[in-house]
Amino acid sequence: MLLSGISENLGLEEELMRRSLDLDSCFEVFIANYYPACPQPELVMGLPPHSNFGLLPFLIQNEVGELQIQRNGKWININPISNSILVNTGDHLEVFTNGKYKSVLHRAVVNKVARISIGIANCPDMNATVRPAASPLIQSESFPPLYLPKKYSEYVEMQQTNPLNGKSCLDKIKINSPPLK
């Protein structure tokens, strides 16, 4: 339903994303993170800055928090709300919307109290080729595609075999970015 709402917001056919990315056969990733209590948290980073692959990553976390997002070059703490699910935007939503929705650059810092988080990424089918949507509102002569098409499984492999480093994988498929390695 969230993806249908995003499609509607962009003036796209409601089911275009589901059909284009074969979401009926989608791929789900479940990630559990445990950050133990740290006596000197200022000396350690939990997870370096990165963005998530997929469309809409969901995050459930205990009340410790320590998730930070980058906005206008500054790191902002995201304080968890009890019994809630945080919804981020992922790299493939950025690609599909041709940059109209941006994936969230975030990091996890450690604390003197243990932190637990559970992430669930909903993703296109592993064989789907992700590209900007073929729609006049997403790409046109005045707004050309910003990303190269890439098979979803190849993008995941690229991300999983490289260190987390900001939006480095997304940058590799940007048009007019440095060549792919």
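Quantities reported herein were computed from a predicted structural model and do not represent experimental measurements.

1. Quick word on the packing of aromatic side chains
Tallied over the entire structure, the rule returns one aromatic pair. Between Phe53 and Tyr152 the ring centres are 6.2 Å apart and the planes differ by 70°, which places this aromatic pair in the edge-to-face class. Of this pair, Phe53 sits in the loop between strand S2 (45–50) and strand S3 (56–61) while Tyr152 sits in helix H4 (residues 152–160), placing them 99 residues apart in sequence. Across the pair, Tyr152 and Phe53 agree in class, each one buried.

2. Looking at the UniProt feature "domain: Fe2OG dioxygenase" (unreviewed entry) in the protein chain
Per the UniProt annotation, the sites labelled "domain: Fe2OG dioxygenase" (unreviewed entry) are residues 22–132. Here residues 22–132 runs as 5% helix and 43% strand, with 15 Å between its end C-alpha atoms.

3. Observations regarding the sheet that holds strand S6 (residues 86–87)
The strands making up a sheet associate through hydrogen bonds between their backbones, and the pairing can be parallel or antiparallel. Taken in spatial order, the four strands of this open sheet run S1-S8-S3-S6, and their pairing is antiparallel. Among the strands making up the open sheet, the edge pair consists of strand S1 (27–35) and S6. Two elements, S3 and S6, share two bridges in a ladder whose sense is antiparallel. Opposite Phe58, over in S6, you have Val87 as the bridge partner.

4. Describing the pattern of salt bridges
In this structure the tally under the stated criterion is six salt bridges. For Glu15, the salt bridge goes to Arg18, with nearest N and O atoms at 2.3 Å. Of the residues examined, Glu15 reaches a relative accessible area of 26% and is grouped as partly exposed. The closest approach of N and O atoms between Lys167 and Glu94, which form a salt bridge, is 3.2 Å. Taken together, the residues Lys167 in the loop between H4 and helix H5 (168–172) and Glu94 in helix H3 (residues 91–96) connect sequence positions 73 residues apart.

5. What to know about a nonpolar patch on the surface
The grouping of Leu2, Ile60, Ile85 and Val87 at the surface amounts to a nonpolar patch, some 340 Å² of accessible area in total. Topologically, Ile85 is positioned in the loop between strand S5 (74–78) and S6. The class for Ile85 is exposed, based on a relative accessible area of 53%.

6. Some details on helix H1 (residues 2–9)
Looking only at H1, the buried set comprises Leu3, Ser4, Ile6 and Ser7. Relative to the axis of H1, the buried residues are bounded by an arc of 160° and lie together on one face. Turned more than 90 degrees away from the buried face of H1 sit Glu8 and Asn9, all of them exposed. Buried residues belonging to H1 abut helix H2 (16–20), S3, H3 and strand S8 (115–123). Gly11 occupies a position one or two residues after H1 and carries a positive phi of about 75°.

7. Topic: unusual backbone geometry
Unusually for a residue other than glycine, Asn83 sits at a positive phi of about 55°. In this structure, Asn83 sits in the loop between S5 and S6. Phi is positive for Asn98, which is not a glycine, with a value near 55°. Structurally, Asn98 can be placed in the loop between H3 and strand S7 (106–109). By relative accessible area, Asn98 is classed as buried at 0%.

Rules used in this analysis
- Residues numbered from 1 in each chain as written.
- Predicted model: local features only at pLDDT ≥ 70, side-chain atom pairs only at ≥ 80, totals over all residues.
- Heavy atoms only, no water.
- Phe/Tyr/Trp six-rings, centres within 6.5 Å; stacked < 30°, edge-to-face > 60°.
- Helix = DSSP H or I, 4+ residues; strand = E, 2+ residues; numbered from the N terminus.
- Buried < 20%, exposed > 50% of the residue type's maximum accessible area, 1.4 Å probe, protein only.
- UniProt positions renumbered as here; feature names shortened; annotations may be inferred.
- Pairing = 2+ DSSP bridges.
- Salt bridge = Lys/Arg side-chain N within 4 Å of Asp/Glu carboxyl O.
- Patch = residues over 30% accessible without salt bridge, like charges linked within 9 Å, V, L, I, M, F, W, Y side chains within 5 Å.
- Areas by Shrake-Rupley, 256 points an atom, 1.4 Å probe, with all protein chains shown as cover.
- Arc of directions from axis to C-beta.
- Contact = heavy atoms within 4.5 Å.

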